[in-house]
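Below, each chain spelled out in residue letters.
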Amino acid sequence: MTNMYSKCRALYASDRAFATMYRSNEVSWSTIIGAYEQNGLGFETLRRCREMAVAGFGPTQFFFASCISACFGLAALDVGRQFHSLIIKAGFFGDIYVGSSVVDMYAKGLAQHGRADNAIQIFNELAKTKTDSNKTTFICCATTIRWSQILKLTAAWLMFLGELAAFTMWVF
């Protein structure tokens, strides 16, 4: 029920279904955490992650993927790095779903700062460690490169416009 309501974007109903469960487990916790993350509620996602840990349930690959995604959505890359450390300690980095989420977080973070070379380096390091990667991993890195190029083009264009404006003011 929790999952069905969340897919309908009925988070209140999803939360009520979760709260009235006779017995929760890692799957039900991961479902409610994923529901908040998929609906763009990063703070609530991370709050639920903490509640899951306090309730004594161990993390799942879906838990980690949702937490990493929420960290990026909140621009909380420092918290994302902490989750990355937990992922490694818990032995989930080899999981394709979790690994792709981590790479996605770093690639998008690097793209925001115009550091495509770092994204390529991360992708190459994944290949060296024989970590399974998929199309999503490749697309994240490719997107970083594209965004970096777009940022460079935009910077050049703005510089040109600035010079054009200065030239126009000088001429007139």
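A few points on the structure. A quick note: this is a predicted structure, and the numbers were derived from the prediction, not measured. (Residues numbered from 1 in each chain as written. Predicted model: local features only at pLDDT ≥ 70, side-chain atom pairs only at ≥ 80, totals over all residues. Heavy atoms only, no water.)

### What to know about the pattern of salt bridges
Then, in step 1: Overall, the coordinates contain five salt bridges when judged by the stated rule.
Then, in step 2: The partner of Glu51 in a salt bridge is Arg47, and the shortest N-O contact between them spans 2.1 Å. Of this pair, Glu51 and Arg47 both sit in helix H4 (residues 42–54), four residues apart, roughly one helical turn.
Then, in step 3: By relative accessible area, Glu51 is classed as partly exposed at 24%.
Then, in step 4: With its nearest N and O atoms 3.6 Å apart, the salt bridge here joins Glu51 to Arg48. You can see Glu51 and its partner Arg48 sitting in helix H4, three residues apart, about one turn around the helix.
Then, in step 5: Using a relative accessible area of 7% as the deciding quantity, one classes Arg48 as buried.
Then, in step 6: One connected set of salt bridges, linked through shared partners, spans Asp15, Glu44, Arg47, Arg48 and Glu51. (Salt bridge = Lys/Arg side-chain N within 4 Å of Asp/Glu carboxyl O. Helix = DSSP H or I, 4+ residues; strand = E, 2+ residues; numbered from the N terminus. Buried < 20%, exposed > 50% of the residue type's maximum accessible area, 1.4 Å probe, protein only.)

### A word on the packing of helix H5 (residues 61–73) against helix H6 (residues 77–90)
Then, in step 1: For the pair H5 and H6, interaxial distance at closest approach is 8 Å and the crossing angle is 160°. What the angle tells us is that H5 and H6 run roughly antiparallel. The way H5 lies across H6 gives a crossing that is left-handed. Mapping the contact onto sequence places Phe63, Phe64, Cys67, Ile68, Cys71 and Phe72 in H5 and Leu77, Val79, Gly80, Phe83, His84, Leu86, Ile87 and Ala90 in H6.
Then, in step 2: Looking at side-chain class alone, the contact of H5 with H6 contains 12 nonpolar, two polar and no charged residues. (Axes fitted to C-alpha atoms, helices over the stretch in contact; angles between N-to-C directions. Parallel < 35°, antiparallel > 145°, perpendicular 65-115°, else oblique. Left-handed = near helix turned anticlockwise from the far one by under 90°. Contact = heavy atoms within 4.5 Å. Nonpolar A, V, L, I, M, F, W, Y, C, P; charged D, E, K, R; others polar.)

### Let's talk about the nonpolar core
Note that soluble globular proteins tend to have their nonpolar side chains buried in a common cluster.
Then, in step 1: Grouped together as the largest cluster of nonpolar side chains are 24 residues, with contacts concentrated most on Phe63, Phe64, Phe83 and Ile87.
Then, in step 2: Elements with a minimum of two residues in this core: helix H2 (11–19), helix H3 (26–38), H4, H5, H6 and helix H7 (96–112).
Then, in step 3: In terms of residue count, H5 provides more of this core than any other element does, six residues in total.
Then, in step 4: Among all residues touching Phe83, those that are not within four sequence positions of it are Leu46, Phe63, Phe64, Cys67, Ile68 and Cys71. (Core = buried A, V, L, I, M, F, W, Y, C linked by side-chain atoms within 4.5 Å.)

All quantities given are derived from atomic positions and should not be read as evidence of function.
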